[in-house]
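Next come the chains, spelled out residue by residue.
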Amino acid sequence: MEYIIKGRRPENVFRFFEDICAIPHGSGNEKGIADYIEGFARSRGFLYTRDHVNNIFIKKSATAGRENEPPIMLQAHTDMVCEKNEGTEHDFLTDPLELYIEDGWLHARGTTLGGDDGIGVAIMLAILDGAVASHPTIECLFTTSEETGMDGVINFDFSQVSARRLVNLDAADISTVICGCAGGLRAVLSFDGALSENKKSAVTAKIGGLAGGHSGENINDGRANANKLMGRFLSMLGELSIVSVNGGGKVNAIPRECVATFAIDDVSYIQSLAASFEAEIKNELSEDDREFFVQVTPAGVPELAFSEEFSRRIVNMMVTVPSGVLKMSNKVKGLVEYSRNLGVIRTDCDKIEFLFLDRSGINAQLDLSCREFSALAELLGAELKIDNRYGGWDFAEKSPLREKYSEAFLRVMGKPAQVESIHAGLECGYIIEKIPDMDIISVAPNLVAIHSPDERLDLCSVEDMFKIINEMLAK
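Note that the structure is a prediction, hence the values are computed from the model and not measured.

**Quick look at the packing of aromatic side chains**
Two aromatic rings are characterised by how far apart their centres lie and by the angle between their planes.
Okay, step 1: Tallied over the entire structure, the rule returns 9 aromatic pairs.
Okay, step 2: With a centroid separation of 5.2 Å and 45 degrees between ring planes, the pair formed by F233 and F277 is classed as tilted. Taken together, the positions of F233 in helix α5 (residues 226-234) and F277 in helix α6 (residues 270-282) put the pair 44 residues apart, joining distant regions of the chain. Of the two residues, F233 and F277, both sit in the buried class.

**Quick word on empty space enclosed by the protein**
Okay, step 1: In this structure the tally under the stated criterion is 2 cavities of 30 Å³ or more.
Okay, step 2: Counted as a void, the largest cavity has a volume near 170 Å³.
Okay, step 3: E146, E147, H214, A424 and G425 are the residues nearest the centre of the largest cavity, which is lined by 19 residues in total.
Okay, step 4: Its residues assigned to classes, the lining of the largest cavity shows 8 nonpolar, 4 polar and 7 charged.
Okay, step 5: Considering only enclosed or pocket space, the second largest cavity measures out at about 50 Å³ in volume.
Okay, step 6: Lining the second largest cavity are C21, I23, P24, H25, G26, M80, C82, H90, F92, D95 and L97.
Okay, step 7: Of the residues that constitute the lining of the second largest cavity, the class distribution is 7 nonpolar, 3 polar and 1 charged.

**Observations concerning a negative patch on the surface**
Okay, step 1: A cluster of acidic residues, D192, D348, D350 and E383, forms a negative patch on the protein surface.
Okay, step 2: Relative to the helices and strands, D348 is located in strand β19 (residues 336-348).

**A look at the side chain of S442**
Okay, step 1: Assignment of secondary structure puts S442 in strand β23 (residues 439-442).
Okay, step 2: A polar atom in the side chain of S442 sits 2.6 Å from the side chain of N168.

**Details of the sheet that holds strand β24 (residues 447-448)**
Okay, step 1: The strand order across the open sheet formed by 4 strands is β4-β5-β25-β24, and the pairing between neighbours is antiparallel. Edge positions in the sheet fall to β4 (99-102) and β24, since each has one partner strand and no second.
Okay, step 2: In terms of strand pairing, strand β5 (residues 105-108) meets strand β25 (residues 456-458) through 3 bridges, oriented antiparallel. Bridging across to β25, L106 finds its partner in L457.
Okay, step 3: Each of β4, β5 and β25 is contacted by helix α11 (residues 459-474), which is oriented at about 55 degrees to β25, the strand it contacts most.

**Structural notes on the pairing of strand β3 (residues 72-77)**
Okay, step 1: Burial analysis of β3 places 6 of its 6 residues in the buried class, which makes it a mostly covered element.
Okay, step 2: Both faces of β3 are covered, namely the face carrying I72, L74 and A76 and the face carrying M73, Q75 and H77.
Okay, step 3: For β3 and strand β6 (residues 138-143), the ladder comprises 6 bridges, and the chain directions are parallel. The residue bridging L74 from the neighbouring strand is C140, located in β6.
Okay, step 4: Here β3 runs beside strand β7 (residues 165-168); their pairing, made up of 3 bridges, is parallel. Each bridged residue has a counterpart across the sheet, and for L74 the counterpart in β7 is V167.

**Brief notes about helix α7 (residues 308-320)**
Okay, step 1: For α7, with 13 residues, the first-to-last C-alpha span of 18 Å sits near the 18 Å given by 1.5 Å per residue.
Okay, step 2: Residues of α7 that are buried: F310, S311, R313, I314, V315, M317 and M318.

**A short note on the environment of P96**
Okay, step 1: Along the polypeptide, P96 turns up in the loop between β3 and β4.
Okay, step 2: Distance in space between the C-alpha atoms of P96 and H135 is 34 Å, their sequence separation being 39 residues.
Okay, step 3: What P96 contacts, discounting residues up to four positions off in sequence, is C21, A22 and H90.

**Section: unusual backbone geometry**
Okay, step 1: P10 follows R9 through a cis peptide bond whose omega is 0 degrees.
Okay, step 2: You can see P10 is positioned in the segment before α1 (11-21).
Okay, step 3: Cis geometry is adopted by the peptide bond preceding D117, which originates at D116 and carries an omega value of 10 degrees.
Okay, step 4: By the secondary structure assignment, D117 is in helix α3 (residues 115-131).

**Considering α5**
Okay, step 1: Judged by how many residues are buried, α5 sits mostly within the fold: 8 of 9 residues are covered.
Okay, step 2: Each element contacted by the buried residues of α5 is listed here: β11 (202-208), β13 (241-247), β15 (258-263), α6, α7 and β19.
Okay, step 3: You can read the cap of α5 off the contacts: a side-chain oxygen lies 2.8 Å from the backbone nitrogen of N227, and it is on N225.

**Let's talk about the pairing of β4**
Okay, step 1: Sheet analysis places β4 next to β5, joined by 4 bridges and oriented antiparallel. Residue pairing for β5: Y100 is matched across the bridge by H107.
Okay, step 2: As consecutive antiparallel partners, β4 and β5 are separated by 2 residues, and within that stretch D103 has a phi angle of approximately 55 degrees, a positive value.

**So, the environment of T78**
Okay, step 1: With respect to the helices and strands, T78 occurs in the loop between β3 and β4.
Okay, step 2: Overall, the relative accessible area of 6% leaves T78 in the buried class.
Okay, step 3: Taking the C-alpha atoms as reference, T78 lies 7.6 Å from S145; in sequence the two are 67 residues apart.
Okay, step 4: Those residues within four positions of T78 in sequence are excluded, and the remaining contacts are H25, E30, I33, I37, V121, F142, T143 and T144.

**Observations concerning the layout of surface pockets**
Okay, step 1: Of the voids in this model, the largest pocket is the one considered here, and its volume is about 610 Å³.
Okay, step 2: Forming the walls of the largest pocket are 28 residues, and the residues nearest its centre are G216, E217, N218, E420 and I422.
Okay, step 3: Breaking the lining of the largest pocket down by element, the ones donating at least two residues are β8 (176-178), β22 (418-420) and β24.
Okay, step 4: In terms of residue class, the lining of the largest pocket is made up of 13 nonpolar, 9 polar and 6 charged.

Cut-offs used in this document
Residues numbered from 1 in each chain as written. Predicted model: local features only at pLDDT ≥ 70, side-chain atom pairs only at ≥ 80, totals over all residues. Heavy atoms only, no water. Phe/Tyr/Trp six-rings, centres within 6.5 Å; stacked < 30°, edge-to-face > 60°. Helix = DSSP H or I, 4+ residues; strand = E, 2+ residues; numbered from the N terminus. Buried < 20%, exposed > 50% of the residue type's maximum accessible area, 1.4 Å probe, protein only. 1 Å grid on protein atoms, 1.4 Å probe; cavity = no way out; pocket = protein on both sides within 12 Å on 5 of 7 lines; lining within 4 Å. Points joined across faces, edges and corners; volume = space filled by probe spheres on them. Nonpolar A, V, L, I, M, F, W, Y, C, P; charged D, E, K, R; others polar. Patch = residues over 30% accessible without salt bridge, like charges linked within 9 Å, V, L, I, M, F, W, Y side chains within 5 Å. Areas by Shrake-Rupley, 256 points an atom, 1.4 Å probe, with all protein chains shown as cover. Salt bridge = Lys/Arg side-chain N within 4 Å of Asp/Glu carboxyl O. Lys, Arg positive; Asp, Glu negative; His and termini not counted. Charge placed at Lys NZ, Arg CZ, Asp CG, Glu CD. Polar contact = N/O pair within 3.5 Å; in protein donor to acceptor, adjacent residues only side chain to side chain. Pairing = 2+ DSSP bridges. Contact = heavy atoms within 4.5 Å. Axes fitted to C-alpha atoms, helices over the stretch in contact; angles between N-to-C directions. Expected span 1.5 Å × (residues − 1).

Written out as structure tokens, the structure reads:
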């Protein structure tokens, strides 16, 4: 394999990361990356376990003279969000990522990079491979399916863990030490409707050009949701019969595109209405969404369409259900306390489904979220499924690990690290439920636009991050 990252340290971190990028490892497809990590552990003689969901747990003995120190655990997830630009030919089940470097940042051509959380995995492999000269006993946990519900960490047997200090490597800003995160839940509202014969002309409307992004990290950046904008557009058209509506790719990503095909009595005015709608919305959008567009094309006369009554329920759902920031924290300035992301709308034969991800650090707020979804399902005649609920991770007033890391950060970077809680969900919330006395921090190199094809990794920050972790382990 020919590597493209050359002349940069730590060389073994980048080699491992490029190896990871060559192995398809989207959520639910982690067998290949698990095989790679297991082969790594076996070839080096480490004690390890691999479970039925492809979590891998590896132990490395302390270096000489540090055998009596308490162990420390490192943790990252092996799956990635698979998103690509329209027109990009890439099969995430079989194809390696196509990497390139621009202005010191590593990108994948037309797709997500998987730096979230491949770079965390690579750092752990490098440490296990001997890149840190002095350290206590190290336990490394590689989890699966974090991006689609944290199924890996939920199924892991934590009785194997002896460490009570954990460095999670699933953050995105080297200057920040994360010490708390939101919990969340996923909800699916399903509408069953009967398709009937259609004799009206149809139109396909497409909304695109939006920035999208992570539904936790970017939910407060003012970025538009393509599914919500499509609902707004359809609500202007009066009576129509939906043929299909599909928007968004992942429930934890702000949708960048939405496409709806619908039959209507008069299609002559749709084009001019779309143009005026596009101009109207552009005046409202942030600079991140400057490429926004509305495209309308004829769709012939489809044989089947949903009834106008059913279509009205779908449009009502799209236009009324809130999505975005629902409440800011009264205690922490600038912190989102409660949010909802209408991440996916999909049509499957005679069913239309809405997929949501709600986040909050307050359990009572998530309880309310469940009741709100139940009320929506009752009002609009939908079937509701709520799953993958996970708890938050509360900020600890005292954290020896945070202090040690902050001291190492100051020595390496020459400035203090920022300490904060975030609105995104991390596996730390579930881990603290299983091991309440675990002292946890979450750190990582600089990653931008995660969960979108614009994702990129700051190569210089990888070297700095490794120096900081090395310094912390050495002390």
